[in-house]
Amino acid sequence: MCGVFYNLYKQKVTLLHLPVNDMISYEGNTFEVVPISEETTIGKKESIIFAEQFVQDVCDFSSQYGSNISISYTGYNIAGKPSKFPDYGDFPQAFVMRTYGPWWDRAPSRLMDYMPQNNEDTVSQDYIVVEYNHEVYPIRVSVYETYNPGSVIAIWAQDCHGQWFQLWNGPPQIVPHKPRIFSPRLQLCNFKTKTLRLEFNHSLLDYYTELDAVLLIGTTELIIPNDRQHNQNLSNLLQELSCIDSHNEDIHNLTPDYSNANQDLAILKKTLHTHCTIYKSKIIENFSKSKLISKLGQHYRCIPPVEEAFNSLQQFLQEEFPKLIKDIYLSSSSSLYGSKLSSNKSSSSALSKSKEPPCGSFSALPDETVLKILKNLDLKSLCRLCRVNKHFNNIARDALLYTCLNLKPYWHCLDTQALNNLAPRCQYLRQLDLSWCGNYNMFKYQNIVSFLNSCGSLLTHLRLNCCHIVNDIVIYEVSKICKNLKELCLRNCEEITSKGFSRLENLEFLERLELYGTTIETATLCSILRRNPRMRHLNVAGMHDRLNVDEVAVELGNSCPYLESVDFWKAQTFTPHGLRALARCKNLREVDFGWCGGMGAPGDSLRALLSSCQHLEKVFLAALRGLTDRDLEPLLLCQHLQQLDLLGARSLTPDICYGFLLCCPKLEMIDLSFCESISDSKIQEWRQQYPHVSVKRSFQAIKPI
């Protein structure tokens, strides 16, 4: 076997003249050197390395159930080898995100999409970005799911230029309550990567999903199947090698035989020279900075041709709007076409016989009607429409089509040129969502500043969640330009300092402020609340002890009488004193005091709030160990109650819980996990007696069968 040289990046480790199928381990990762028994095109025998790696580092995530002061349920638990798999259950050692099911989308604090037509069929609700030690050509990504699997909907890979490529996407699944190694079929990736991004949709989950590890398997050289018929890729080849009947395949991918989960790869390694061609040089395309139309394609590497755009438009007109066209011809024919229809007897006769209107000329419609139609198009289609002809180019750029702009679905391809191309069209922009955008390699904070200066003066809604390039300068421009803001979302914007947040004191019309995971200071937030008496929704979750939440609650009680929802989740400085002050906000419909350790035994303060706020729909009191039946009695009178989280309330009796089922007619969900005084048999009884109520109960440490 010819000599093999492989640089293991962080340390200079050289592999020379390794024996056949030699296995090496480096920093917990496994590398297998596979010889190619036949001569390659360069006339000598070659070797290729298969690398199996678990996560080395967690770079970013949108949410986590844990906190930065603990290791339980945090994003960083996904690093390293599986610690619990194949056990199934609720384990603090796993990575858990904050939401599940449809409940958060039904709550009073829910966020509505500004431009929902931009979304794919399945909307990504959460993500995590992970990094590995060594760059490889990915051939398999295996997600170790140990509790409520089924929420992974997309896997992305990042190249050396910071560009993202989608390896796989699919809908969420309803999966049996068993652990699994989820290994979806990946698209062929022609560049090396060591950074992956997983996206999630929790809408079908019964309870929180938990991830134990993510395995990346790849090669040091690009391998492509020899048989390219039927658009075959490596995943299809692996399926054939494993002799899996596609009609009988386990649709849930439960991988019951964990020891043979990668049997197909073992077969591929033995017969690599038969099935694949190896490309020794990197094949990384040099993509030019294209226009907005190419950047907003389904994949940033595909540029839709003019013919495709035209055909797409025709299909859209024929399938989506026949009723509208019919109404125009039948009820408004005189105003739209005058004598054309009356003089064309043959057309009228054909119309009466077929009972269907002719297609007609789209350009004959008034611009107002066309604009009404185009308002239903997503941003990608509007950009394609500009390439059809001059008339469509003009009308598809009309500023009335861009009063709401949702760029979150295009986080992977939004760059400087895209923003610059959009700016002239957004003169009447009122709602802007840049959440998840802000790839450092694609545009800088200066581009956001420029965009806001160009078209931000009329903004009333601005979302910058998980936009990591947002800093003090951006916030300063927001406070200076966007004077009419009603909604400002800054979740996980960690680059904003106290100086930046102090600029928000200039705003006076805020109704929603989301600061989850930020570092705002108590005095600054209280000053903002005093200046914004119309505040309806405040989210300061995940602050722990950085913020004196009692002072914030007092300020809310004094200054914000219209408050409808407040999220103090995991605020350690929230005590019964702040709880009593919050009782002045009688319009509250939603409260989350989960894991607020400072509350201890809330006593009369909680009774005061529940008695005062009779419009409550969602009440989350997770991990308040000192809760008693007496504390919750006033909640029995809340006829609008829909969601109730009592996780970990050890002293609650079945009587008070049965009272909620009996007295709250709109109740849809109640979480009784780790309520020690309530037996599993009682939970099952209530589930049968009240099937319209989702009674939650956590599982723990259940061995797979």
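Residues numbered from 1 in each chain as written. Predicted model: local features only at pLDDT ≥ 70, side-chain atom pairs only at ≥ 80, totals over all residues. Heavy atoms only, no water.

Under the annotation held in an unreviewed UniProt entry, the chain carries the name F-box/LRR-repeat protein 4 isoform X1 and is attributed to Dinoponera quadriceps.

Novice: Pulling in residues and values, what's your account of the overall build of the chain?
Specialist: Across its full length, the chain carries 24 helices and 25 strands. Counting over 705 residues, the chain shows a buried share of 54%. Residue pairs at least 24 apart in sequence account for 76% of intrachain contacts in the chain once pairs closer than 6 positions are excluded. As displayed, the chain has an accessible area near 30,800 Å², and 50% of this comes from carbon and sulfur atoms. (Helix = DSSP H or I, 4+ residues; strand = E, 2+ residues; numbered from the N terminus. Buried < 20%, exposed > 50% of the residue type's maximum accessible area, 1.4 Å probe, protein only. Contact = heavy atoms within 4.5 Å. Areas by Shrake-Rupley, 256 points an atom, 1.4 Å probe, with all protein chains shown as cover.)

Novice: Tell me about the packing of helix α15 (residues 445-455) against helix α16 (residues 472-481), and please be specific about residues and values.
Specialist: In the contact formed by α15 and α16, the axes pass within 9 Å of each other and the chain directions differ by 5 degrees. By the angle between their axes, α15 is roughly parallel relative to α16. Residues Y445, I448, V449, L452 and N453 of α15 touch α16, and the partners they reach there are I473, V474, E477, V478 and I481. Of the residues contributing to the contact of α15 with α16, the split by class is eight nonpolar, one polar and one charged. (Axes fitted to C-alpha atoms, helices over the stretch in contact; angles between N-to-C directions. Parallel < 35°, antiparallel > 145°, perpendicular 65-115°, else oblique. Nonpolar A, V, L, I, M, F, W, Y, C, P; charged D, E, K, R; others polar.)

Novice: Got a sec to walk through unusual backbone geometry? Specific residues and values, please.
Specialist: With omega at 10 degrees, the peptide bond leading from F85 into P86 counts as cis. Looking at the element boundaries, P86 is found in the loop between β4 (57-61) and β5 (95-96). The phi dihedral of W436 falls on the positive side, at around 70 degrees, and the residue is not glycine. Tracing the chain through its elements places W436 in the loop between β15 (431-433) and α15.

Novice: With reference to specific residues and values, describe the pattern of salt bridges.
Specialist: When the charged atoms of two side chains with opposite charge come close together, those side chains can pair. Scanning the entire structure with this criterion turns up 23 salt bridges. One salt bridge in this structure joins R180 and E145, with 2.6 Å as the shortest N-O distance. Taken together, the residues R180 in strand β9 (residues 180-182) and E145 in strand β6 (residues 126-147) connect sequence positions 35 residues apart. Exposure remark for R180: the relative accessible area of 0% places this residue in the buried category. Relative accessible area serves as the criterion here: at 0%, E145 is assigned to the buried category. The network of salt bridges with shared partners includes D433, R463, E487, R491, R512 and E514. (Salt bridge = Lys/Arg side-chain N within 4 Å of Asp/Glu carboxyl O.)

Novice: Account for the confidence of the model for the chain, naming residues and giving values.
Specialist: Across the chain, the average pLDDT comes to 84, with 79% of residues at or above 70. This stretch, residues 37-43, has a pLDDT under 50; its non-local contacts, to residues over four places away or in other chains, come to six contacts. The low-confidence segment residues 331-354, where pLDDT is below 50, has 16 contacts with residues more than four positions distant or belonging to other chains. (pLDDT = per-residue confidence, 0-100.)

Novice: Run through the pairing of strand β3 (residues 47-54), naming residues and quoting values.
Specialist: On a regular strand, one side chain projects to one face of the sheet and the next to the other, so that they alternate. Of all eight residues that make up β3, seven are buried, and the element is covered over most of its length. With five bridges connecting them, β3 and strand β11 (residues 210-219) associate as antiparallel partners. Across the sheet, the residue bridging to Q53 is L216, located in β11. (Pairing = 2+ DSSP bridges.)

Novice: Tell me about the side chain of N118, residues and numbers included.
Specialist: In this structure, N118 sits in the loop between α1 (103-106) and β6. Taking relative accessible area as the criterion, N118 reaches 4% and is therefore assigned buried. Engagement of the side chain of N118 in a polar contact is seen with the side chain of Y410, the distance being 3.3 Å. Not counting residues up to four positions away in its chain, the partners in contact with N118 are D378, L379, N406, P409 and Y410. (Polar contact = N/O pair within 3.5 Å; in protein donor to acceptor, adjacent residues only side chain to side chain.)

Novice: Give a description of the nonpolar core that names residues and reports values.
Specialist: Counting residues in each nonpolar core, the largest one holds 132 residues, and the members touching the most others are L405, L407, L556, F568, L582, F593 and F660. In terms of residues, this core owes the most to one element, α15, which gives five residues. The residue makeup of this core includes at least three contributed by each of domain 1 (22-297) and domain 2 (541-554 + 564-704). For F593, the residues in contact, after removing those within four places along its chain, are V566, F568, F574, L579, L582, M599, L609, F620, L621, A622 and L624. Formed by 32 residues, the second largest nonpolar core is a distinct cluster that contains V55, M97, I128 and L216. (Core = buried A, V, L, I, M, F, W, Y, C linked by side-chain atoms within 4.5 Å. Domains from an automatic or database assignment.)

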